[in-house]
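A structural walkthrough
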Amino acid sequence: MRIDRRHWLKIGGVALALVGLGLAAKPWTHDDLGAMPSLAGANQWLNSPPLDASALKGKVVLVDFWTWDCINCQRSLPHVNEWARQYADQGLVVVGVHTPEYDYEHDVGTLKSKVASLGIEYPVAVDNDYKVWNAWGNQFWPAHYFVDRKGQVRHVHFGEGDYDGQARVIRALLDEKG
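Structural notes, computed from the coordinates. Being a predicted model, the structure only gives us computed values, none of them experimental.

Quick look at the overall build of the protein
Helix and strand counts for the protein stand at five helices and six strands. Traced from its N-terminal end to its C-terminal end, the protein shows the element sequence α-β-β-α-β-α-β-α-β-β-α. A total of 178 residues make up the protein; the buried ones form 48% of that total. Split by element, the accessible area of the protein, about 8500 Å² in all, is 52% carbon and sulfur.

Pasting the structure below:
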């Protein structure tokens, strides 16, 4: 099942409304969000060779859309870094997708130094042409997409916050047999 942009926006709107109402404390996982969209089209990769669905098969994947000058991304990155370190040996792979918001964020040299200074050691797709962003139908920074071991998107989180809830989603997906 291919998820179109309107479906993702509805999911995001519902998620934001639930968070605003304080109703999203439990992991919000579904089986019907579709297969993981492509990571193809990145201009280059940092900290890794290019990744695709076959390279990630059998892994729980967190795809984090971010950009280095986004304050909300800067606040969420320490949590993403911690999850990458804490759960790597259990099968979590974090994939950062750096999609620039501003023209000056397209500079790969600056991005490389930001990745180093932010302590990002996981793979980062450089998405200067928005090909990965568009394949996922993404609209937000930061945006976290949680993918199960079977390659199905099971949870989405837009913006900052609910870090405990997102960690619960990671643990629930890691606990599932794949």
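A short note on unusual backbone geometry
A cis amide bond links Trp 141 with the next residue in sequence, Pro 142, at an omega value of -20°. By secondary structure assignment, the location of Pro 142 is in the loop between helix 4 (131-136) and strand 5 (143-147). Notably, Asn 47 is not glycine yet its phi reads approximately 65°, a positive angle. Of note, Asn 47 is situated in the loop between strand 1 (44-46) and strand 2 (60-66). Located in the positive-phi region is Tyr 130, a residue other than glycine, with phi close to 65°. Inspection of the secondary structure puts Tyr 130 in the loop between strand 4 (124-126) and helix 4.

Looking at the side chain of His 98
Within the secondary structure layout, His 98 lies in strand 3 (residues 92-98). Once you skip the residues sitting within four places of it in the chain, His 98 turns out to touch Trp 66, Thr 67, Trp 68, Glu 105, Leu 111, Val 124, Ala 125, Val 126, Asp 127 and Asn 128.

Observations regarding the pairing of strand 5
One face of the sheet, then the other: side chains in a regular strand alternate in exactly this way. Of all five residues making up strand 5, five are buried, and the element is well covered by its neighbours. Side chains Ala 143, Tyr 145 and Val 147 project from strand 5 onto one buried face, and the interleaved His 144 and Phe 146 project onto a second face that is buried too. The pairing of strand 2 with strand 5 spans five bridges and is antiparallel. The residue bridging Phe 65 from the neighbouring strand is Ala 143, located in strand 5. Turn length for the strand 5-strand 6 (residues 153-158) hairpin, with the two strands adjacent in sequence and antiparallel, is five residues, and the turn residue Gly 151 shows positive phi of about 85°.

Description of helix 2 (residues 71-87)
Taking 1.5 Å per residue as the helical rise, helix 2 with its 17 residues ought to reach 24 Å, and the 25 Å between its terminal C-alpha atoms agrees with that figure. For helix 2, the principal kink sits at Leu 77 and spans about 35°; a proline, Pro 78, occurs within the next four residues. Within helix 2 the residues assigned to the buried category are Cys 73, Ser 76, Leu 77, Val 80, Asn 81, Trp 83, Ala 84 and Tyr 87. Contacts made by the buried residues of helix 2 are with strand 2, strand 3, strand 5 and helix 5 (163-175).

Some thoughts on the side chain of Glu 105
Looking at the element boundaries, Glu 105 is found in the loop between strand 3 and helix 3 (108-117). Buried Glu 105, no salt bridge; nearest opposite-charge side chain is Lys 114, N-O distance 8.8 Å. Within the structure, the side chain of Glu 105 is placed 2.8 Å from the backbone nitrogen of Tyr 102, a separation counted as a polar contact. Sequence-distant contacts of Glu 105, defined by excluding residues within four places in its chain, comprise Thr 67, Trp 68, Asp 69, Cys 70, His 98, Pro 100 and Asn 128.

About the criteria used
Residues numbered from 1 in each chain as written. Predicted model: local features only at pLDDT ≥ 70, side-chain atom pairs only at ≥ 80, totals over all residues. Heavy atoms only, no water. Helix = DSSP H or I, 4+ residues; strand = E, 2+ residues; numbered from the N terminus. Buried < 20%, exposed > 50% of the residue type's maximum accessible area, 1.4 Å probe, protein only. Areas by Shrake-Rupley, 256 points an atom, 1.4 Å probe, with all protein chains shown as cover. Contact = heavy atoms within 4.5 Å. Pairing = 2+ DSSP bridges. Expected span 1.5 Å × (residues − 1). Bend = angle between axes of the 7 residues up to and from the residue. Lys, Arg positive; Asp, Glu negative; His and termini not counted. Salt bridge = Lys/Arg side-chain N within 4 Å of Asp/Glu carboxyl O. Polar contact = N/O pair within 3.5 Å; in protein donor to acceptor, adjacent residues only side chain to side chain.

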